[in-house]
Amino acid sequence: MMNHNETAINFDEIIDALNNQKVIAYPTEAVFGLGCDPDSEKAVMALLDLKQRPWDKGLILIADNYDQVKPYIDDSRLTAEQRDAMFATWPGPVTWVIPAKSTTPKWLTGRFDSLAVRVTDHPVVKALCSAYGKPVVSTSANLSGYEPCRTTAEVNQQFNGRIPVVDGLVGGRQNPSEIRDALTGQLYRQG
């Protein structure tokens, strides 16, 4: 189980890395995530290169609260019922695919006109996004073809200690977050 005292982490080094367009790793609900500043093309390209992931797949943003993702999504396209369905799962381990604003960078949406976002209940990620003041990119911390990392030691081993890591515990879920379409409710990935 998660130790809720973990939120007392000093994020200065991590925030500095994010502000300098670097890739970081941090614990999420099930596995460690790789993250970076979603507004920096340089940082996102470095993350994609590090992970060996094609840009066109699109990425997930993880946030402390819904207001943090609003600059990237077209909230006006959601009905009250769609918003209620989404809010019923947040904060929590469900990622929702929402229409993106036309101003949202393609390095986040990939080939899609939507963006996957999650308001987390993981105390370390909530504290990180709160300290940073905006969401961070979230993709599993693993090299292509490897299992996602579940500990700080695994992240340091897979990435040869090249990225700053928020030392903490993953949330104990066995599977990555469920992914659903906010407009249709369609399940893309089982949680």
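Residues numbered from 1 in each chain as written. Predicted model: local features only at pLDDT ≥ 70, side-chain atom pairs only at ≥ 80, totals over all residues. Heavy atoms only, no water.

Under the annotation held in an unreviewed UniProt entry, the protein chain carries the name Threonylcarbamoyl-AMP synthase and is attributed to Morganella psychrotolerans. Recorded in UniProt for the protein chain, the comment headed Sequence similarities (unreviewed entry) runs: "Belongs to the SUA5 family. TsaC subfamily." Taken verbatim from the UniProt record of the protein chain, the Subcellular location (unreviewed entry) comment is "Cytoplasm". (UniProt positions renumbered as here; feature names shortened; annotations may be inferred.)

With respect to the pairing of strand β7 (residues 178–181)
With four bridges connecting them, strand β4 (residues 94–99) and β7 associate as parallel partners. Looking across to β7, one finds that W96 is bridged to R180. Pairing analysis gives two bridges linking β7 to strand β8 (residues 187–189), with the strands arranged antiparallel. Its bridge partner lying in β8, R180 is registered against L187. (Pairing = 2+ DSSP bridges. Helix = DSSP H or I, 4+ residues; strand = E, 2+ residues; numbered from the N terminus.)

What about the sheet that holds strand β1 (residues 24–27)?
Strand order in the open sheet made by the eight strands is β1-β2-β6-β3-β5-β4-β7-β8, with mixed pairing throughout. The open sheet terminates on both sides in strands that have one partner only, identified here as β1 and β8. Taken pair by pair, the neighbouring strands of this sheet meet at an average axis angle of 40°, ignoring direction. Lying on the sheet, helix α6 (residues 123–132) is in contact with β1, β3 (60–63) and β6 (136–140); it crosses β1 at an angle near 135°. (Axes fitted to C-alpha atoms, helices over the stretch in contact; angles between N-to-C directions. Contact = heavy atoms within 4.5 Å.)

Section: the nonpolar core
Judged by nonpolar contacts, the single largest core of 39 residues is most densely connected at L34, I98 and V155. Counting only elements with at least two residues in this core, the list comes to β2 (32–35), α2 (41–51), β3, α3 (66–69), β4, α5 (106–109) and β5 (114–119). Among the elements that take part in this core, α2 stands out by supplying five residues, more than any other. Excluding anything up to four places from it in sequence, I98 contacts I73, L78, M86, W90, S114, L115, V117 and A182. Counting residues in each nonpolar core, the second largest holds 16 residues, with F11, I15, Y26 and C129 among its members. (Core = buried A, V, L, I, M, F, W, Y, C linked by side-chain atoms within 4.5 Å. Buried < 20%, exposed > 50% of the residue type's maximum accessible area, 1.4 Å probe, protein only.)

Concerning the side chain of T139
Structurally, T139 is set in strand β6. Of the residues examined, T139 reaches a relative accessible area of 8% and is grouped as buried. Excluding its chain neighbours within four sequence positions, the residues that come into contact with T139 are F32, G33, L34, L47, K51, R53 and L59.

Some thoughts on the pattern of salt bridges
Enumeration according to the criterion identifies eight salt bridges in this entry. Residue R111 is joined to D56 by a salt bridge in which the shortest nitrogen-to-oxygen separation is 3.5 Å. Taken together, the positions of R111 in the loop between α5 and β5 and D56 in the loop between α2 and β3 put the pair 55 residues apart, joining distant regions of the chain. Among the ionic pairs, K70 bridges to D67, the shortest N-O distance being 3.9 Å. Salt bridges linked by common partners bring D37, D39 and K134 together as one network. (Salt bridge = Lys/Arg side-chain N within 4 Å of Asp/Glu carboxyl O.)

With respect to unusual backbone geometry
Residue P91 is reached from W90 by a cis peptide bond, and omega for that bond is -10°. A positive phi is found at N160, a non-glycine position, where the angle reads about 50°. Residue placement: N160 occurs in the loop between α7 (152–158) and β7.

Overview of the packing of aromatic side chains
Aromatic rings considered in pairs are described by the distance between their centres and by the relative angle of their planes. The full count for this structure, using the stated rule, is three aromatic pairs. Each ring, one from Y66 and one from F87, has its centre 4.9 Å from the other, and the planes form 85°; the classification is edge-to-face. With a gap of 21 residues between them, Y66 in helix α3 and F87 in helix α4 (residues 80–87) connect regions that are remote in the sequence. On the basis of relative accessibility, which here comes to 11%, the residue Y66 falls in the buried class. Note on Y66 and W90: the rings are 6.0 Å apart at their centroids and 45° apart in plane angle, and the pair reads as tilted. Of the two residues, Y66 sits in helix α3 while W90 sits in the loop between α4 and β4, which places them 24 residues apart along the sequence. The same class applies to Y66 as to W90, namely buried. (Phe/Tyr/Trp six-rings, centres within 6.5 Å; stacked < 30°, edge-to-face > 60°.)

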